[in-house]
Amino acid sequence: MTEQDLLSVEKLVKRYGGLLATDDLSLSVREGELHAIIGPNGAGKTTLIKQLTGEIPSDSGKITFAGQNLKRLSEPGRSHIGLARSFQITSLFQEFTVLENVCLAVQAHNGHSFRFWKKVNKDKNLTDPALDILRRIGLEQRADTAAANLSHGEQRQLEIAVALATKPKLLLLDEPMAGMSKEDSERLVERLIELKSRHTILLVEHDMDAVFSLADRISVLVYGRAIATGTPDEIRNNDDVRQAYLGEEA
Ligand SMILES: Nc1ncnc2c1ncn2[C@@H]1O[C@H](COP(=O)(O)OP(=O)(O)OP(=O)(O)O)[C@@H](O)[C@H]1O
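Residues numbered from 1 in each chain as written. Predicted model: local features only at pLDDT ≥ 70, side-chain atom pairs only at ≥ 80, totals over all residues.

Comments concerning the overall build of the protein
Defined as follows: Counting from the N terminus, the helices are DSSP H or I runs at least four residues long and the strands are E runs at least two residues long. The atom set for the radius of gyration is the C-alpha atoms, and the globule formula is 2.2 Å times the number of residues raised to the power 0.38. Residues with at least 20 other C-beta atoms within 10 Å of their own are called buried, those with 12 or fewer are called exposed, and the rest are partly exposed. The C-beta atoms themselves are positioned from the backbone.
Scanning the protein from N- to C-terminus turns up 9 helices and 10 strands. For a compact globule of 250 residues, the expected C-alpha radius of gyration is about 18 Å, and the protein comes in at 18 Å, within 12% of that figure. In terms of its C-alpha atoms, the protein occupies a principal-axis envelope of roughly 55 × 40 × 35 Å. Looking at the protein as a whole, 39% of its 250 residues are labelled buried.

So, in structure tokens, the structure goes:
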């Protein structure tokens, strides 16, 4: 671990019965970078994200985030110190508007309950930061639309907006482009280029065009191990990566 590292993963292990989903994995995310994790299906990307957030326990190894060992920290505790995963569509309040969803997340992060949800879109302490986030993610025109009436791509943007409401030090994005049209993906890439100037981001994504245009560094996971970490050019030209994963695509 170096001083630049916001997140450091050392010799992390997760077993599912006889299967090593995370196999002695070490990697780090530097403050300010967008670090992408790629790898074939079943490589262990989602498992790693879940270990980072605390959704599943690790069998061994160490995760250090912002100078703190995460071992004894619960999922909400990790979110509180700035580790935020973009929420899944299923966790959005579908009948509430876009603005209300983000206001509720701002309110929850400020430590208040959802009791007064009816008033959230009238409270400037909530609407000001929420509208700022919606502008950054490109959803401000949809502020008054019910989440249920958004397109798939817009719902994915709203998930990221909800995660941003927790003021994360590190934003974990697990396949944000999944299920999106090419146009929506390209639009989201533009937004992420803006977001990455203000946030450190760990991105798990199958869309290689998005990964190679966004990432400062890329780690390639195969069978739970990082076989390479480097800049997009280094990864493109790495023979092990080409053989194991990218083939002629790179
Ligand atoms: N709850 C579970 N119980 C048993 N095995 C699991 C469980 N979750 C994941 N696995 C296995 O762990 C390995 C890693 O899965 P994981 O979902 O982390 O991979 P992934 O890289 O995210 O894949 P994808 O790109 O398809 O999303 C796979 O072999 C998967 O079958």
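Looking at the environment of Ala215
Note the cut-off: Our contact criterion uses C-beta atoms placed from the backbone: two residues qualify when those atoms are within 7 Å.
Relative to the helices and strands, Ala215 is located in the loop between helix H7 (208–214) and strand S9 (217–222). By the C-beta count within 10 Å, which is 23 here, Ala215 ends up buried. Each C-alpha atom, one on Ala215 and one on Pro232, is 6.9 Å from the other, the two residues being 17 residues apart in sequence. Not counting chain neighbours up to four residues away, the residues in contact with Ala215 comprise Leu34, His35, Ala36 and Pro232.

So, the nonpolar core
Convention followed: Note on terminology: a nonpolar core is any set of buried Ala, Val, Leu, Ile, Met, Phe, Trp, Tyr and Cys residues joined through C-beta atoms within 7 Å.
In terms of nonpolar packing, the biggest core is built from 64 residues, with Ala36, Val102, Ala130, Leu134, Ala161, Ala165 and Leu170 touching the most fellow members. Among the elements that line this core, the one with the most residues is helix H3 (residues 98–109), at 7 residues.

Comments concerning the sheet that holds S9
What counts, and what does not: A pair of strands is labelled paired if DSSP reports no fewer than 2 bridges between them. A fitted line through C-alpha atoms serves as each axis, taken over the contacting stretch for helices, and the angle formed by two N-to-C directions is quoted from 0 to 180°.
As summarised here, the arrangement of the 6 strands in space is S6-S7-S8-S3-S9-S10, forming an open sheet in which the pairing is mixed. Each having just a single partner strand, strand S6 (83–85) and strand S10 (225–230) make up the two edges of the open sheet. Taking the axes of each pair of neighbouring strands and ignoring which way they run, one obtains an average angle of 20° across the sheet. The sheet contact formed by strand S7 (residues 170–174) and strand S8 (residues 200–204) spans 5 bridges and is parallel. The partner of Leu171 across the bridge, within S8, is Ile201. Along the sheet, helix H1 (residues 45–53) contacts strand S3 (34–38), S6, S7, S8 and S9; its crossing angle with S7, the most-contacted strand, is approximately 145°.

Focus on helix H5 (residues 152–164)
As a reminder, the rule being used: A helix is expected to span 1.5 Å for every residue after the first.
Its 13 residues place the ends of H5 19 Å apart at the C-alpha level, agreeing with the 18 Å of an ideal helix rising 1.5 Å per residue. The element H5 is extensively covered by neighbouring structure, given that 11 of its 13 residues are classed as buried. Every buried residue of H5 is listed here: Glu154, Gln155, Arg156, Gln157, Leu158, Glu159, Ile160, Ala161, Val162, Ala163 and Leu164. Buried positions along H5 lie against S6, H3, helix H4 (124–137), S7 and helix H6 (182–195).

Topic: the site of the ligand
Short version of the rule: For each residue, a C-beta atom is placed from the backbone, and the residue is labelled near a molecule or strand when this atom is within 6 Å of it. For this classification, Asp, Glu, Lys and Arg are treated as charged, while Ala, Val, Leu, Ile, Met, Phe, Trp, Tyr, Cys and Pro are nonpolar and the rest, including Gly, are polar.
Around the ligand, the neighbouring residues are Tyr16, Leu19, Ala21, Gly39, Asn41, Gly42, Ala43, Gly44, Lys45, Thr46 and Thr47. When residues of the shell around the ligand are traced back to their parent elements, those giving at least two are strand S2 (19–30) and H1. A per-element tally of the shell around the ligand places H1 first, with 3 residues. Of the residues contributing to the shell around the ligand, the split by class is 4 nonpolar, 6 polar and 1 charged.

Details of the domain arrangement of the protein
Our working rule: Domains are outlined according to an automatic or database domain assignment.
Examined at the domain level, the protein breaks down into domain 1 (1–82 + 168–182 + 192–250) and domain 2 (88–167). A separation of 26 Å is found between the C-alpha centroids of domain 1 and domain 2. In terms of residue class, the side of domain 1 that touches domain 2 is built from 6 nonpolar, 3 polar and 1 charged.

Observations concerning the sheet that holds S2
One open sheet accounts for 4 strands, arranged S2-S1-S4-S5; its pairing is antiparallel. Whereas interior strands pair on both sides, the edge strands pair on one side only; in this sheet they are S2 and strand S5 (68–69). Examined bridge by bridge, strand S4 (residues 60–65) and S5 share 2 bridges and lie antiparallel to one another. Across the sheet, Thr64 pairs through a bridge with Asn69, a residue of S5.

Examining the environment of Ser197
Assignment of secondary structure puts Ser197 in the loop between H6 and S8. Residues Ser197 and Glu33 lie 164 residues apart in sequence; the distance between their C-alpha atoms is 8.6 Å.

Observations concerning the packing of H4 against H5
Put simply, the rule is: Here roughly perpendicular refers to angles of 65 to 115 degrees, roughly parallel to angles under 35, roughly antiparallel to angles over 145, and oblique to all remaining angles. Left-handed describes a crossing whose near helix is turned anticlockwise from the far helix through less than a right angle; right-handed describes the clockwise counterpart.
Between H4 and H5, the least distance of the axes is 10 Å, while the angle of their chain directions is 135°. As far as their axial angle goes, H5 and H4 are oblique. Between H4 and H5 the crossing geometry is right-handed. Residue-level inspection shows Ile133, Leu134 and Ile137 of H4 in contact with H5, the latter providing Gln157, Ile160, Ala161 and Leu164.

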